[in-house]
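Results of the structural survey
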Amino acid sequence: MTASLTVLGIETSCDETAAAVVRLHDGARVEVLSSVIASQIAEHAPYGGVVPEIAARAHVEIIDTIIARAMSEAGLGYEGLDGVAATAGPGLVGGVMVGLSAGKAIALARGLPLMAVNHLEGHALSVRLSELAPYPFLLLLVSGGHCQLLSVEGVGQYQRLGATIDDAAGEAFDKIASTLGLPYPGGPGLEKLAVGGDPARYVLPRALLGREGCDFSFSGLKTAAARIAATLSTDEERRDLAAAVQGAIARQLVERTQKAMALHLAAYGGQGRLLVAAGGVAANQIVRERLRAAAEAHGFGFAAPPLRYCTDNAAMIALAGAERLAAGLIDDIDVAARPRWPLDEASARDRPIHALSRKGAKA
Ligand code: KG4
Ligand code: ZN
């Protein structure tokens, strides 16, 4: 294996335009040479969510600038790269195509290998940007679009243990935050509002309690919280509801993760005793602390990327690309963007959580 691999990563699957350069030494130690992120939050805020057409146009307008900045902050010319990685899905396909096309153009012009990266694989490996998390590990991936538990055996090798049957945890945070009058994306605002609140003041439903397995459901919680939110009049009540919601989401994440730790241990034994949390919701301090405590109680270590690598970024895409390159997993230049792309394709096909739609299994 080459002693070090330097890869440019590009991320445009949602409302962040991002580019980064990462260097992987001996397949393990990681150096982030640059990580540039341009957020479109302000452009979508008036609509209370991400508008696909606005996102795609905003990516087109800024992608070249962001890539140029990532290269210059890394202090490199294109001849200093060993490969180019771009998110190829899942996500808003108009945006994905912008970043993937930019990656293809650079790969073609410079004769570099192209790695088409699954955005979820980026989140799955993101912890390795900041620490040496050995495979296999148990992953709780909690973002705005996804909520799942996976055993990560290595790059490209995932076993799904559970996933949400309706909303993602971040989506629940965002929707409930909006009923509390907080701007999009509501997760960080709800966390701030909840500080000092009394989580016991409002009782919220616990979903799928008796059900086998590690699946999640947040729609009942969302409806119950919205009903309560409509009756509130004081700031103190809003603060207490925010605390109750945050506590209820954290509790469900912890309960399912506890079940998953048992399944993961049964499959991998002592060598897999590490719980990793990744994705935007892993930025939440209460969620992090409760997961850490649950991991310790089960004899697991706990790791989560620093906040800047929890939410969407391109360093995680560059790292996934570098690990793919090291493993010889290179894609054709005509690889297509995929709006849906489950990480564990076998489980998604054989044990679909959602009925298979025309477009294939959801992520
Ligand atoms: O990973 P991410 O940046 O994008 C997706 O791939 O979805 O995650 C964004 C999600 C949003 O739903 C946002 O509200 C949530 O992560 N989030 C948080 C916090 N920071 C971001 N949720 C709860 N507490 C936070 N501190
Ligand atoms: Zn994401």
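Everything discussed here concerns the structure shown above.
Rules used in this analysis
Residues numbered from 1 in each chain as written. Chains lettered and ligands numbered in written order. Predicted model: local features only at pLDDT ≥ 70, side-chain atom pairs only at ≥ 80, totals over all residues. Heavy atoms only, no water. Near = heavy atom within 4 Å. Polar contact = N/O pair within 3.5 Å; in protein donor to acceptor, adjacent residues only side chain to side chain. Areas by Shrake-Rupley, 256 points an atom, 1.4 Å probe, with all protein chains shown as cover. Helix = DSSP H or I, 4+ residues; strand = E, 2+ residues; numbered from the N terminus. Nonpolar A, V, L, I, M, F, W, Y, C, P; charged D, E, K, R; others polar. Domains from an automatic or database assignment. Buried < 20%, exposed > 50% of the residue type's maximum accessible area, 1.4 Å probe, protein only. Phe/Tyr/Trp six-rings, centres within 6.5 Å; stacked < 30°, edge-to-face > 60°. Salt bridge = Lys/Arg side-chain N within 4 Å of Asp/Glu carboxyl O.

**With respect to the site of ligand 1**
Taken together, 20 residues surround ligand 1, and among them G144, D174, E191, G280 and D312 come closest. Within the side chain of D174, an N or O atom sits 2.6 Å from an oxygen atom of ligand 1. Within the backbone of G187, one N or O atom sits 3.1 Å away from an oxygen atom of ligand 1. Out of a free accessible area of 550 Å², ligand 1 has 90% covered by protein chains. Of all the secondary structure elements, the ones that give two or more residues to the shell around ligand 1 are α4 (119-125), α5 (169-179) and α6 (186-193). When grouped by side-chain class, the residues that make up the shell around ligand 1 number six nonpolar, eleven polar and three charged. Formed jointly, the shell around ligand 1 draws a minimum of three residues from each of two domains, domain 1 (4-129 + 309-350) and domain 2 (137-304).

**Section: unusual backbone geometry**
Across the junction of Y135 and P136, the peptide omega takes the value -5°, indicating a cis bond. Within the secondary structure, P136 sits in the loop between α4 and β6 (137-142). With an omega dihedral of -10°, the bond running from Y184 to P185 counts as a cis peptide bond. Position of P185 relative to the elements: it lies in the loop between α5 and α6. The backbone of D26 sits at a positive phi, close to 50°, despite the residue not being glycine. Tracing the chain through its elements places D26 in the loop between β2 (16-25) and β3 (29-39). Exposure remark for D26: the relative accessible area of 58% places this residue in the exposed category.

**Examining the packing of aromatic side chains**
For the structure shown, the criterion picks out two aromatic pairs. Ring geometry for Y135 versus F137: centroids 5.7 Å apart, planes at 20°, classification stacked. For F137, a relative accessible area of 0% corresponds to the buried category. Between F216 and F218, the ring centres sit 6.3 Å apart and the planes meet at 15°, which makes this aromatic pair stacked. Taken individually, F216 and F218 each receive the classification buried, so the pair is uniform in this respect.

**Overview of the pattern of salt bridges**
Per the counting criterion, the structure on display carries 15 salt bridges. Note that R201 and E236 form a salt bridge whose closest N and O atoms lie 3.9 Å from each other. Of the two residues, R201 is situated in the loop between α6 and α7 (219-229) and E236 in helix α8 (residues 235-268); the sequence distance between them amounts to 35 residues. Exposure remark for E236: the relative accessible area of 48% places this residue in the partly exposed category. The network of salt bridges with shared partners includes R201, E236, E237, R239 and D240.

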